[in-house]
Number of protein chains: 2
Amino acid sequence: MYGLAGAAEWPVIQQLLPDLEGKRIVDLGCGFGWFCRFALEQGAAKVLGVDISEKMLSRARDMSPSAIEYRRADLETLTLPESSYDLVYSSLVLHYLEHLAAVFAVVHRALVSAGDFVFSMEHPIYMAPEHPGWLLSEPGTRIWPVSHYAEEGRRTTNWLTSGVVKYHRMLATTLNMLIRSGFILCQMEEFAPTQEQIAAHPALAEERHRPMFLIVKARRDN
Amino acid sequence: MYGLAGAAEWPVIQQLLPDLEGKRIVDLGCGFGWFCRFALEQGAAKVLGVDISEKMLSRARDMSPSAIEYRRADLETLTLPESSYDLVYSSLVLHYLEHLAAVFAVVHRALVSAGDFVFSMEHPIYMAPEHPGWLLSEPGTRIWPVSHYAEEGRRTTNWLTSGVVKYHRMLATTLNMLIRSGFILCQMEEFAPTQEQIAAHPALAEERHRPMFLIVKARRDN
């Protein structure tokens, strides 16, 4: 599994994306640039990929046409020109940011009026637990041990490397922050694999027990 | 604990309510009429309480001034006059309804343009589990056993009487249904008791581990 098609939630994200033809697009946390190249292939007029990892950006540049601009920046201190983009996209990075409201403000300002903001992040049901990990309940059912849902803030996990820091927020907190930043919520999805996906990848079945990803489409209100 | 003040989530609901002075209000699932009387005391111009239980409505009428109208109706087949209300309120009944989209359509039609819809319902984190009930994890932490989150539909529980039927929906399903019905999401809250509430009622502490109630404020868009 590799690139966009390797992400089980990609079909859901695609449904939320506007037509990219002729659009000016920023990808916050672009990694190796998979989405940036997809956007260019779909006819985007301008594509900017931003990431904090120079290593990933270097690889992204190697794999991309020069029409895509890559910029190294910390998303929490990033600045973007005003009313200059039609779509801001971000896949699975916002839960690493402590100051999300500041990022939402930058995105709002960078979008044209009625511009789209489509992002995915880890779902708070997935992030909340003190001890994230499946348990088997008495009757043999797989359960996800939700705890500390209302205790927002740092969560340290061991994913890829040990001691990775993420920031748990209640779902209401993220949505209210979006609304207060001047966005209108257009659609929200909580990723669950389809029966077709499970048939192809049986290990995905457990993902129907609790949502791992939140996918949001919002529109700049004014 | 009794009436509105007896509900731990009432302070949160109050923050979401508009000024009721002069407003025309419907309470869907009014029970004994506590909110209807509160609305009248706050200066509402017109108050209609709807419930399916004649027993509760009879008690509501006994306790209420005649200015409040009570009507027996099944919320899933209720009709209301068009553009006739400024606020539709509903507390902890919508999760009992199988056909929520039909109710949202009736509410949308009954509200004036920019009218408010404020409701609470059981949170899907609370409703999803096959076996709802606290578990103690190995290190002694209280956990809520989320499972079957993506499997929407009937849940049978034993609350007050045995075999009570509720309908679990993913949070995304409820919000998207609202948006497709022509509402704009204004604010969402996931009830968690404050430290002051826990000091007064220590048993509430566990409610910070997972949200029991969802509270939503939406506005008729057009």
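The structure this text deals with has already been given above.
Now for a look at the structure at hand. Only a predicted model underlies this, so the values are computations on that prediction, with no experimental measurement involved.

### Thoughts on the relation of the copies chain B and chain A
- The operation relating chain B to chain A is a screw motion whose rotation component is 180°, with 0.0 Å of axial translation and a residual RMSD of 0.0 Å. Expressed as a symmetry operation, the mapping of one chain copy onto the other fits a two-fold axis. Identified as the residue of chain B closest to the rotation axis by C-alpha distance is B:Pro145, at 2.6 Å.
- The residues that chain B uses at the interface reappear at the interface of chain A in 100% of cases, marking a shared surface.

### Observations concerning the environment of B:Leu100
Residues and elements named next belong to chain B.
- By secondary structure assignment, the location of Leu100 is in helix H4 (residues 100-110).
- Each C-alpha atom, one on Leu100 and one on Met177, is 8.2 Å from the other, the two residues being 77 residues apart in sequence.
- Beyond its immediate stretch of four places on either side in the chain, Leu100 contacts Leu94, Met121, Arg169, Thr174 and Met177.

### Some details on the pairing of strand S5 (residues 111-122) of chain B
Residue and element names in this part refer to chain B.
- The element S5 is largely enclosed, with a buried count of ten among its twelve residues.
- Pairing of strand S4 (residues 85-91) with S5, which is carried by six bridges, proceeds in the parallel orientation. Bridge pairing in S5 places Leu87 opposite Asp116.
- Each parallel crossover has a hand, and for S4 linked through H4 to S5 it is right-handed.
- Bridge analysis of S5 against strand S11 (residues 213-220) gives seven bridges, and the strand direction is antiparallel. What sits directly across from Val118, in S11, is Lys217.

### Description of the interface of chain B and chain A
- The partner chain A presents 35 residues to the 35 residues of chain B that form the contact.
- For the pair chain B and chain A, the two sides together bury roughly 2,900 Å², of which 60% comes from carbon and sulfur.
- Ranking the residues of chain B by area buried against chain A places B:Val146, B:Glu190 and B:Arg208 at the top, with a combined share of 17%.
- Inspection of the chain B/chain A interface yields two salt bridges.
- We note a salt bridge from B:Glu151 to A:Arg208, for which the minimum N-O separation is 2.7 Å.
- On inspection of chain B and its partner chain A, the count reaches 22 residue pairs in polar contact (both at pLDDT 80 or more).
- Residue assignment for the side of chain B that touches chain A shows that the elements contributing at least two residues are strand S7 (142-146), helix H6 (171-180) and strand S10 (183-190) of chain B.
- Ranked by residues supplied to the side of chain B that touches chain A, first place goes to S10(B) with seven residues.
- For the side of chain B that touches chain A, the residue count by class is 20 nonpolar, seven polar and eight charged.

### Brief notes about the sheet that holds S11(B)
Residues and elements named next belong to chain B.
- Read from one edge of the open sheet, seven strands run S3-S2-S1-S4-S5-S11-S10, paired in mixed fashion. Whereas interior strands pair on both sides, the edge strands pair on one side only; in this sheet they are strand S3 (68-72) and S10. The mean angle between the axes of side-by-side strands here comes to 15°, regardless of whether they run parallel or antiparallel.
- Relative to S11, S10 runs antiparallel, the two being bridged by seven bridges. Counterpart to Met188 in the pairing with S11 is Val216.
- Against the sheet, H4 engages strand S1 (24-28), S4, S5, S10 and S11, with an angle of about 145° to S5.

### Some thoughts on the pattern of salt bridges
- Enumeration over the complete set of coordinates arrives at 16 salt bridges over all chains.
- A:Asp86 serves as the salt-bridge partner of A:Arg24, at 3.0 Å between the closest nitrogen and oxygen. In this pair, A:Arg24 is assigned in strand S1 (residues 24-28) and A:Asp86 in strand S4 (residues 85-91), connecting sequence segments 62 residues apart.
- Overall, A:Arg24 belongs to the partly exposed group, its relative accessible area being 29%.
- B:Arg142 serves as the salt-bridge partner of B:Glu206, at 2.9 Å between the closest nitrogen and oxygen. Here B:Glu206, found in the loop between helix H7 (195-200) and S11, pairs with B:Arg142, found in strand S7; they are 64 residues apart in sequence, far enough to count as distant.

### A look at the sheet that holds S7(B)
- Read from one edge of the open sheet, four strands run S6(A)-S7(A)-S7(B)-S6(B), paired in antiparallel fashion. The open sheet has two free edges, formed respectively by strand S6 (135-136) of chain A together with strand S6 (135-136) of chain B, since each of these has just one partner strand.
- Pairing of S6(A) with strand S7 (residues 142-146) of chain A involves two bridges; the strand directions are antiparallel. Its bridge partner being in S7(A), A:Leu136 is matched across the sheet by A:Arg142.

### Focus on the nonpolar core
- Judged by nonpolar contacts, the single largest core of 117 residues is most densely connected at A:Leu94, A:Phe117, B:Phe35, B:Leu94 and B:Phe117.
- Counting 28 residues, the second-largest nonpolar core is a separate cluster that includes A:Val12, A:Leu16, A:Ala60 and A:Ile215.

### Quick notes on the packing of aromatic side chains
All names here are of chain A.
- All told, the structure shown has 22 aromatic pairs over all chains when counted by the stated rule.
- Arranged with centres 6.0 Å apart and planes meeting at 35°, the rings of Phe35 and Phe38 form a pair that is tilted. Here Phe35 pairs with Phe38, and both are found in helix H2 (residues 34-41), just three residues apart, close to one helical turn. For the pair Phe35 and Phe38, one class covers both residues: buried.
- Judged by centre distance (5.2 Å) and plane angle (70°), the rings of Trp134 and Trp144 are edge-to-face. Of the two residues, Trp134 sits in the loop between helix H5 (124-127) and S6 while Trp144 sits in strand S7, which places them ten residues apart along the sequence.
- Among the residues examined, Trp134 registers a relative accessible area of 21% and is labelled partly exposed.
- Using a relative accessible area of 3% as the deciding quantity, one classes Trp144 as buried.
- Every member of this aromatic cluster is reached through a ring pair, and the members are Trp10, Phe35, Phe38 and Tyr89.

Reading the values: the criteria
- Residues numbered from 1 in each chain as written.
- Chains lettered and ligands numbered in written order.
- Predicted model: local features only at pLDDT ≥ 70, side-chain atom pairs only at ≥ 80, totals over all residues.
- Heavy atoms only, no water.
- Least-squares fit on C-alpha atoms with pLDDT ≥ 70 in both.
- Contact = heavy atoms within 4.5 Å.
- Helix = DSSP H or I, 4+ residues; strand = E, 2+ residues; numbered from the N terminus.
- Buried < 20%, exposed > 50% of the residue type's maximum accessible area, 1.4 Å probe, protein only.
- Pairing = 2+ DSSP bridges.
- Right-handed = clockwise from strand over helix to strand, strands pointing away.
- Buried area = accessible area lost by both parts, 1.4 Å probe.
- Salt bridge = Lys/Arg side-chain N within 4 Å of Asp/Glu carboxyl O.
- Polar contact = N/O pair within 3.5 Å; in protein donor to acceptor, adjacent residues only side chain to side chain.
- Nonpolar A, V, L, I, M, F, W, Y, C, P; charged D, E, K, R; others polar.
- Axes fitted to C-alpha atoms, helices over the stretch in contact; angles between N-to-C directions.
- Core = buried A, V, L, I, M, F, W, Y, C linked by side-chain atoms within 4.5 Å.
- Phe/Tyr/Trp six-rings, centres within 6.5 Å; stacked < 30°, edge-to-face > 60°.

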